[in-house]
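Structural overview for review
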Amino acid sequence: MQRLRDLALEVLNEYQLLSQEFGSYQKIAGLNCVEGCGACCNNPQVEASVLEMLPLALHLFDTGKAEAYLQQMQDGGGFACHLFQRHSLDGIKGACTVYEWRPGICRMFGVAGYRTKTDQPTLSVCATIKASKPHKFADALIAMSTSAPPMLSHGRQRIAKIDYALGEKLMPINEALVAALEKVLTQAAYSALDDGNVAA
Ligand code: SF4
Ligand code: SF4
């Protein structure tokens with residue numbers, strides 16, 4: 001279990017850096033999220049790795065909620081990220097219920113650099129931000145040569161390299177959380193067994 005906790009700590013440290021880098025670029029470019037928007041969370045195809053969900057899975061375990069979450073997620077469908085709370089019927093408005101523990105992609109998605117098929121750096125901005133701030137988007141594109149945005153792929157790599165076995169494969173976010181919860185619960189069961197053997 002200690003190995004999972006050490007990994008989760010490393011992931012959280014990387015998350016802090018990523019949030020600072022992507023958040024400050026977003027702020028300086030004036031491309032902040034639209035208040036109350038949750039459109040990107042209203043989608044079960046957001047992709048994350050098991051490693052990205054590990055800090056949350058351990059937090060749920062430590063607060064006694066891991067089994068309940070796992071059960072709900074195995075029972076439930078999945079028209080959105082399971083961690084999203086809708087504030088409007090269509091799910092366009094809403095909020096993350098685990099903001100502090102959200103995975104890496106959720107810290108980078110709104111505004112990030114990426115490379116085109118011809119390897120040109122460009123800027124990816126979510127459709128909602130683009131529509132609400134078209135001039136800021138145009139300014140950011142023009143300023144790219146002097147003020148390069150942080151790259152999504154680099155952020156992904158920095159997380160994955162903490163543990164390639166758990167960090168490289170991406171899957172729909174709900175599946176990634178189920179896998180992380182199963183890993184934590186299995187490891188906890190083994191640890192309890194080991195402790196019992198030692199005590200015996
Ligand atoms: S973890 Fe939170 S921020 Fe990320 S998709 Fe789910 S609800 Fe949205
Ligand atoms: S990234 Fe875009 S879709 Fe997601 S919350 Fe921000 S404004 Fe809304």
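Remember, it's a predicted structure, so these values are computed and weren't measured experimentally.

We now examine the site of ligand 2. Neighbouring ligand 2 are the residues Cys33, Val34, Cys37, Ala39, Cys40, Phe109, Gly110, Cys126, Thr128 and Ile129. For the shell around ligand 2, a count of residues per class yields eight nonpolar, two polar and no charged.

With that out of the way, let us pick up the nonpolar core. Counting 44 residues, the largest nonpolar core has Leu51, Met53, Leu54, Leu56, Leu83 and Leu181 as the members making the most contacts within it. Those elements that place two or more of their residues in this core are helix H1 (2-28), helix H2 (50-62), helix H3 (66-75), helix H4 (104-108) and helix H9 (173-199). Those residues within four positions of Leu83 in sequence are excluded, and the remaining contacts are Met53, Leu56, Tyr69, Ala95, Cys96, Thr97, Val98 and Leu177.

With that settled, consider the pattern of salt bridges. As enumerated under the stated definition, the model contains six salt bridges in all. Residue Glu21 is joined to Arg158 by a salt bridge in which the shortest nitrogen-to-oxygen separation is 3.0 Å. Of this pair, Glu21 sits in helix H1 while Arg158 sits in helix H7 (residues 152-160), and the two are 137 residues apart along the sequence. A residue is classified by how much of its surface remains accessible, and Glu21, at 32% relative accessible area, is partly exposed. Judged by its relative accessible area of 23%, Arg158 falls in the partly exposed class. As a salt-bridge pair, Arg156 and Glu52 come within 2.9 Å of each other at their nearest N and O atoms. Taken as a pair, Arg156 in helix H7 and Glu52 in helix H2 lie far apart in primary sequence, 104 residues in all. Owing to a relative accessible area of 2%, Glu52 belongs among the buried residues under this scheme.

Let's shift gears to the site of ligand 1. In the neighbourhood of ligand 1, the contacting residues comprise Cys41, Cys81, Leu83, Phe84, Cys96, Pro103, Cys106 and Ile173. Along the lines of polarity and charge, the residues of the shell around ligand 1 split into eight nonpolar, no polar and no charged.

Before going further, it helps to spend a moment on the packing of aromatic side chains. This model, assessed by the stated rule, comprises zero aromatic pairs. The cationic tip of Arg102 hangs over the ring face of Tyr99; the distance from NZ or CZ to the ring centre is 3.8 Å.

Counting all residues, the mean pLDDT for the protein chain is 92, and 97% of those residues have values of 70 or more. Averaged over each element, pLDDT in the protein chain is lowest for H9 (86) and highest for H2 (98).

To continue, consider the environment of Ile162. Within the fold, Ile162 resides in the loop between H7 and helix H8 (164-167). As a C-alpha pair, Ile162 and Ala8 span 154 residues in sequence and 9.5 Å in three-dimensional space. If sequence neighbours within four positions are ignored, Ile162 has contacts with Leu7, Glu10, Val11, Glu14 and Leu51.

This part covers H3. Among all positions in H3, only Ala66, Tyr69, Leu70 and Met73 are buried. One face of H3 carries all of its buried residues, which in axial projection span an arc of 100°. Counted as exposed and oriented over 90 degrees from the buried face of H3: Glu67 and Asp75.

Pairing of strand E4 (residues 111-115) with strand E5 (residues 121-125) involves five bridges; the strand directions are antiparallel. Paired with Arg115 across the strands is Pro121, a residue of E5. Taking the residues that link successive antiparallel strands as the turn, the E4-E5 hairpin has five residues, and the phi of Asp119 there is positive, at about 70°.

Turning next to H2. Compared with the 18 Å implied by 1.5 Å per residue over 13 residues, the 18 Å span of H2 between its first and last C-alpha is a close match. The sharpest bend along H2 comes to roughly 25°, located at Leu56. The buried count for H2 comes to ten of 13 residues, which makes it a mostly enclosed element. Taken residue by residue, H2 has Val50, Leu51, Glu52, Met53, Leu54, Pro55, Leu56, Ala57, Leu58 and Leu60 as its buried positions. In the stretch just after H2, Gly64 is the one whose phi turns positive, near 75°.

Criteria and thresholds
- Within every chain, residues take consecutive numbers counted from 1 along the sequence as written.
- Starting at A for chains and at 1 for ligands, labels are handed out in the order in which the entities are written.
- The model is predicted, so local features are restricted to residues of pLDDT at least 70 and side-chain atom pairs to those at 80 or more, both for listing and for counting; the totals for chains, interfaces and linings are taken over all residues.
- Based on all heavy atoms of the structure, the side-chain values leave hydrogens and waters out of the count.
- Being near a molecule or strand, for a residue, means having at least one of its heavy atoms within 4 Å of it.
- Charged means Asp, Glu, Lys or Arg here, nonpolar means Ala, Val, Leu, Ile, Met, Phe, Trp, Tyr, Cys or Pro, and polar covers whatever is left, Gly included.
- The criterion is simple. A nonpolar core is a set of buried Ala, Val, Leu, Ile, Met, Phe, Trp, Tyr and Cys residues joined through side-chain atoms within 4.5 Å.
- Throughout this description, buried means an accessible area under 20% of the type-specific maximum (1.4 Å probe, protein chains only), exposed means over 50%, and partly exposed covers the range between.
- Counting from the N terminus, the helices are the DSSP runs of H or I reaching at least four residues and the strands are the DSSP runs of E reaching at least two.
- We call two residues in contact when some of their heavy atoms are within 4.5 Å.
- Each salt bridge in this description consists of a side-chain nitrogen of Lys or Arg and a carboxyl oxygen of Asp or Glu lying within 4 Å of one another.
- What counts as a ring pair is set by centres within 6.5 Å for rings of Phe, Tyr and Trp (its six-membered ring), and what kind of pair is set by the plane angle: stacked under 30 degrees, edge-to-face over 60, tilted for all other angles.
- For a Lys NZ or an Arg CZ to count as sitting over a ring, it must be within 6 Å of the ring centre and within 35 degrees of the ring normal.
- pLDDT runs from 0 to 100 and stands for how confident the predictor is about each residue.
- Taken from the helix axis, the directions to the C-beta atoms give the arc we talk about.
- Note on pairing: DSSP must find at least two bridges between two strands before they are called paired.
- By definition here, a helix of n residues has an expected span of 1.5 Å times n minus one.
- Bend, in this description, refers to the angle at a residue between axes fitted to the seven residues ending there and the seven starting there.

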